[in-house]
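One letter stands for each residue in the lines below.
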Amino acid sequence: GHHVAEQINRLIAANARVIVSTVHDLGLTPYARTRDAVSPGQAALLTCLTATFNARVRVDILQDGRFVGLVLADDLVQAITKVPSNYGLSNVIDAVCATTDPGSTALDCTTATLVTGGSTGTHLWADDRRLGPVAHSRLATHA
């Protein structure tokens, strides 16, 4: 987090305007749930690492209201997972993309490769680590 903040501050020193997003809570991802099932405590560890990284970025970037727009993706994702219906979502646990091929990601996902009953407007997660369209839209609104 400190190194990321250093790079952001370099941009600010060059008189740039920057929009920075914190990292969403990785402990809430389908990836974390899968890891936690094999080795309990992994999701909590990912949440802790995410929080530590984000805290360092938030403390170390220059925030005087002129150069940086800070988007709190971690707070947004936590709010969405607590009350998904407030965001029009019905599933904050599973990925909507049915990625069965090893190495496939949300980048390989199309409307033809979604899980049964899933749509781009029902799930928080696109794949096991990446946010879906609803979350991206909310982040854009916050930005």
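*Asks:* I tried to follow unusual backbone geometry on my own but got confused; where do I start?
*Replies:* Backbone phi values are negative for most residues with the exception of glycine, while trans is the configuration of most peptide bonds. You will see that Asn 15, though not glycine, has its phi angle at about 70 degrees, which is positive. Relative to the helices and strands, Asn 15 is located in the loop between α1 (2-13) and β1 (18-21).

*Asks:* Even after reading the chapter, I still don't get the side chain of His 24, so can you show me in this structure?
*Replies:* By the secondary structure assignment, His 24 is in the loop between β1 and α2 (30-38). At a separation of 3.0 Å, a polar atom in the side chain of His 24 contacts the main-chain carbonyl oxygen of Arg 129. Discounting residues that sit within four places of it in the chain, His 24 has contacts with Thr 29, Thr 50, Ala 73, Asp 74, Val 77, Trp 125, Arg 129 and Leu 131.

*Asks:* I would appreciate a short explanation of the confidence of the model for the protein in the present structure.
*Replies:* Low pLDDT means the predicted coordinates in that region are not meant to be read closely. Predicted confidence across the protein gives a mean pLDDT of 91, with 94% of residues reaching 70 or more. Within the protein, the element-level pLDDT minimum falls on strand β2 (residues 68-71), averaging 92, and the maximum on helix α3 (residues 42-60), averaging 97.

*Asks:* It is not clear to me how the environment of Ala 112 should be interpreted in this structure. Could you clarify?
*Replies:* With respect to the helices and strands, the residue Ala 112 is situated in the loop between β3 (91-95) and β4 (123-125). With 14 residues separating them along the chain, Ala 112 and Ala 98 place their C-alpha atoms 9.3 Å apart.

*Asks:* When you look at the pattern of salt bridges in this model, what are you seeing that I'm missing?
*Replies:* Side-chain pairs of opposite charge can arise where the charged atoms are in close proximity. Inspection of the entire model under this criterion finds 3 salt bridges. Of the charged contacts, one joins Arg 56 and Asp 60 as a salt bridge, the two residues approaching to 2.9 Å between their closest N and O atoms. Of this pair, Arg 56 and Asp 60 both sit in helix α3, 4 residues apart, which is roughly one turn of the helix.

*Asks:* Looking at this structure, how should I read the packing of α2 against α3?
*Replies:* Geometry of a packed helix pair, given as the angle between the helix axes and the separation of the axes. Two numbers describe how α2 lies on α3: the axes approach to 7 Å, and their chain directions differ by 135 degrees. When the interaxial angle is binned, α2 and α3 end up oblique. Between α2, through Tyr 31, Ala 32, Arg 35 and Asp 36, and α3, the contact on the second element is made entirely by Gln 42, Ala 43 and Leu 46. A breakdown of the residues in the contact of α2 with α3 according to their chemical character gives 4 nonpolar, 1 polar and 2 charged.

*Asks:* Looking at this structure, how should I read α3?
*Replies:* An α-helical turn contains 3.6 residues, so any two residues separated by three or four positions project in the same direction. When the terminal C-alpha atoms of α3 are compared, their 27 Å separation across 19 residues agrees well with the 27 Å that a helix rising 1.5 Å per residue should span. The set of residues buried in α3 consists of Gln 42, Ala 43, Leu 46, Thr 50, Asn 54, Val 57 and Asp 60. Taken end-on, α3 shows its buried residues confined to a sector of 145 degrees, consistent with a single buried face. Facing away from the buried side of α3 by more than 90 degrees, the exposed set consists of Ala 44 and Val 59. In this structure, the buried side of α3 is in contact with α1, β1, α2 and α4 (73-82).

*Asks:* Just checking my understanding: could you explain the nonpolar core for this structure?
*Replies:* Soluble, globular proteins show a tendency: their nonpolar side chains are buried together. Of all hydrophobic cores here, the largest spans 15 residues; its most connected members are Val 77, Ile 80, Leu 124, Trp 125, Leu 131 and Leu 139. For this core, the secondary structure elements donating two or more residues are α4, β4 and α5 (133-142). Sorting elements by how many residues they give to this core places α4 first, with 4 residues. Among residues more than four places away in sequence, those in contact with Leu 131 are His 24, Val 77, Leu 124, Trp 125, Ala 126, His 136 and Leu 139. One finds Ala 5, Ile 8, Ile 12 and Val 57 within the second-largest nonpolar core, a separate group that totals 9 residues.

Here is what the cut-offs are and how they apply
Residues numbered from 1 in each chain as written. Predicted model: local features only at pLDDT ≥ 70, side-chain atom pairs only at ≥ 80, totals over all residues. Heavy atoms only, no water. Helix = DSSP H or I, 4+ residues; strand = E, 2+ residues; numbered from the N terminus. Polar contact = N/O pair within 3.5 Å; in protein donor to acceptor, adjacent residues only side chain to side chain. Contact = heavy atoms within 4.5 Å. pLDDT = per-residue confidence, 0-100. Salt bridge = Lys/Arg side-chain N within 4 Å of Asp/Glu carboxyl O. Axes fitted to C-alpha atoms, helices over the stretch in contact; angles between N-to-C directions. Parallel < 35°, antiparallel > 145°, perpendicular 65-115°, else oblique. Nonpolar A, V, L, I, M, F, W, Y, C, P; charged D, E, K, R; others polar. Expected span 1.5 Å × (residues − 1). Buried < 20%, exposed > 50% of the residue type's maximum accessible area, 1.4 Å probe, protein only. Arc of directions from axis to C-beta. Core = buried A, V, L, I, M, F, W, Y, C linked by side-chain atoms within 4.5 Å.

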